[in-house]
Amino acid sequence: MRRGAQNTKAIANGERKFSSRRRVKLRYNFANLTKEKVMSVEFRVKNKKRPLFMGYSDTMSVSEALDLLPDLSVFDIDESAEDFNERAFLKSPLSEQGCLILGVRGKSGRGMELRYDEERQSYAVRVNTPATIFDWVLAISYLQALSKQLGGEIMDENGEIYAHDTIEQFDYERDIAAGLHSIDQHLSGDTEINFCYGAQRPFAINRAMMDEILASYNPAAEFSKRLTEVQYLDAYSAHQRFYRNGDDGTIMGSYALTQDLPTILPYKPFVEWQNAEMLKNNDVARWQIALIGIEGDENDADNYHAIAELEYDEFIARLPKQNYRFIDASYILVDGLSAEQLKALAG
């Protein structure tokens, strides 16, 4: 991303003001938007015991957990946040961090979840269903390293025990197949779109996409490729904002499209998962999009200005088809548009 910390305009109650873009701390251990039960597989490795009945060893720090395998990253932490202290974060024990999403940038599709279970005094590694092939290979390698480090066995959620040299026998291909079958069943009913939450962003699948995946030579590999590709697009994932109309109290949803910035937007806006607990789709009376121009240095917030505000449906209708492409069943990637192109859209 060229502008990881750019500011965008926000329109609230008819008043223009800047709203600093802050990425949400993503924790993709949620059910998809069809409200189905979360499917996953969890493994645990017991912490080391101290000698002479002195309890368990100190919990590993985030840094120590990352050092178990090369190239590991934490995906669900906003390192650009003003209050983020990288040194303090890496030194902090896992028990203070809740659940972290670990993976390898550019390769992980959904990543794996790592947490410390205080009640069981165990390290828990969870893989969502269906995960990508690479996610599973990485998770199994991590469990092997964790087992060697702690000198303990690996237990799955069904109580089956593995050693560090037998965990490779776990049939993860069967779990991927079960997950794809579950999505297929969802899409065979009233569900039009199923969302799988990746390490960076959601991946939306419809009936046509699912048929293509299942008809491929290797459905697990095809699913893995498609989901992973969506995670690492060189584009900004636009955030939705909501405002209450001061005149009639109705709620408006809003997006922004900024000059020269390739942007991922929904083709048809809806209340996304991170806002689903406070709003429903029917709560939003209208959707708008602000077209933002830049005059001068892009790193200076004072140089950003609103060219126009459009009704979202009108924006999509005006957007030339050669300037966007679908990346999945719900989202489009809009090219970085010049000031002149944005003004043309504004009419």
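Residues numbered from 1 in each chain as written. Predicted model: local features only at pLDDT ≥ 70, side-chain atom pairs only at ≥ 80, totals over all residues. Heavy atoms only, no water.

Caption draft 1: The arrangement of the overall build of the protein in detail. Check the secondary structure of the protein and you find 8 helices and 19 strands. Expressed as a percentage of the 347 residues in the protein, the buried residues total 51%. Within the protein, contacts between residues separated by at least 24 positions form 67% of all contacts whose residues are at least 6 apart in sequence. Surface exposure of the protein reaches about 17500 Å², of which carbon and sulfur atoms provide 45%. (Helix = DSSP H or I, 4+ residues; strand = E, 2+ residues; numbered from the N terminus. Buried < 20%, exposed > 50% of the residue type's maximum accessible area, 1.4 Å probe, protein only. Contact = heavy atoms within 4.5 Å. Areas by Shrake-Rupley, 256 points an atom, 1.4 Å probe, with all protein chains shown as cover.)

Caption draft 2: Region of interest: the sheet that holds strand β5 (residues 99–103). With antiparallel pairing, 7 strands are arranged side by side in an open sheet as β4-β5-β6-β7-β3-β8-β9. Only two strands of the sheet have a single neighbouring strand rather than two, namely β4 (73–74) and β9 (161–162). Relative to strand β6 (residues 112–117), β5 runs antiparallel, the two being bridged by 4 bridges. Considered in β6, the bridge of L100 is made with L114. With respect to the sheet, helix α3 (residues 133–150) is in contact with β3 (40–46), β5, β6, β7 (122–128) and β8 (154–156), its orientation differing from that of β3 by roughly 15°. (Pairing = 2+ DSSP bridges. Axes fitted to C-alpha atoms, helices over the stretch in contact; angles between N-to-C directions.)

Caption draft 3: Looking closely at the sheet that holds strand β17 (residues 304–311). Reading across from one edge, β13-β14-β16-β17 is the order of the 4 strands in this open sheet, with mixed pairing throughout. In this open sheet, the two edge strands, each paired with only one partner strand, are β13 (241–244) and β17. Taken over all neighbouring pairs, the strand axes of this sheet differ in orientation by 35° on average, direction set aside. Bridge count for strand β16 (residues 284–294) against β17 is 7 bridges, and the pairing is antiparallel. Bridging across to β17, A290 finds its partner in E309. Running at roughly 35° to β17, helix α8 (residues 339–346) makes contact with β14 (251–258), β16 and β17 of the sheet.

Caption draft 4: A look at the nonpolar core. Grouped together as the largest cluster of nonpolar side chains are 63 residues, with contacts concentrated most on L72, L102, W136, Y142, L146 and I205. Of all the elements, α3 adds the most residues to this core, at 9 residues. Counting residues in hydrophobic clusters, the runner-up holds 25 residues, among them A238, F242, V271 and V334. (Core = buried A, V, L, I, M, F, W, Y, C linked by side-chain atoms within 4.5 Å.)

Caption draft 5: Main features of the environment of F84. Structurally, F84 is set in the loop between β4 and α2 (86–91). Here F84 falls in the partly exposed class, since its relative accessible area comes to 23%. Every residue in contact with F84, bar those within four places of it in the chain, is listed here: I77, D78, E79 and F89.

Caption draft 6: Inspection of unusual backbone geometry at higher detail. The residue after T129, namely P130, is reached through a cis peptide bond having omega -5°. If you trace the backbone, P130 turns up in the loop between β7 and α3. A positive phi angle, close to 70°, is found at D71, a residue other than glycine. Secondary-structure assignment places D71 in the loop between α1 (62–66) and β4. Taking the relative accessible area as the measure of exposure, D71 reaches 61% and is therefore exposed. Positive phi is not limited to glycine here, since D260 has a value of about 65°.

Caption draft 7: Molecular detail of the pattern of salt bridges. Taken as a whole and judged by the stated rule, the model has 13 salt bridges. With its nearest N and O atoms 3.1 Å apart, the salt bridge here joins R115 to E42. You can see R115 sitting in strand β6 and its partner E42 sitting in strand β3, a full 73 residues away along the chain. Given the relative accessible area of 12%, E42 is considered buried. (Salt bridge = Lys/Arg side-chain N within 4 Å of Asp/Glu carboxyl O.)

Caption draft 8: Local environment of helix α6 (residues 219–231). The end-to-end C-alpha distance of α6, which contains 13 residues, comes to 19 Å, matching closely the 18 Å that a straight helix rising 1.5 Å per residue would cover. What α6 keeps buried is the set A220, E222, F223, S224, R226, L227, T228, V230 and Q231. The inward-facing, buried residues of α6 abut α3, α4 (172–187), β10 (194–197), β11 (202–205) and α5 (207–215). (Expected span 1.5 Å × (residues − 1).)

Caption draft 9: Here's a closer look at the packing of α4 against α5. At their nearest, the axes of α4 and α5 sit 10 Å apart, and the two run at 145° to each other. In this structure, the crossing between α4 and α5 has a hand that is left-handed. Along the contact surface, α4 presents L180, I183, D184 and L187, while α5 presents R207, M210 and L214. Its residues assigned to classes, the contact of α4 with α5 shows 5 nonpolar, no polar and 2 charged. (Left-handed = near helix turned anticlockwise from the far one by under 90°. Nonpolar A, V, L, I, M, F, W, Y, C, P; charged D, E, K, R; others polar.)

Caption draft 10: Spotlight on the confidence of the model for the protein. For the protein, mean pLDDT is 87; residues scoring 70 or higher make up 88% of the total. Counting contacts from residues 1–37, a segment whose pLDDT is below 50, to residues more than four positions away or on other chains yields 114 contacts. (pLDDT = per-residue confidence, 0-100.)

Caption draft 11: Region of the structure containing the packing of α5 against α6. Relative to each other, α5 and α6 sit at 135°, their axes nearing to 7 Å. As the angle between them shows, α5 and α6 are arranged oblique. On α6, the residues touching M209, E212, I213 and L214 of α5 are P219, E222, F223 and R226. In terms of residue class, the contact of α5 with α6 is built from 5 nonpolar, no polar and 3 charged. (Parallel < 35°, antiparallel > 145°, perpendicular 65-115°, else oblique.)

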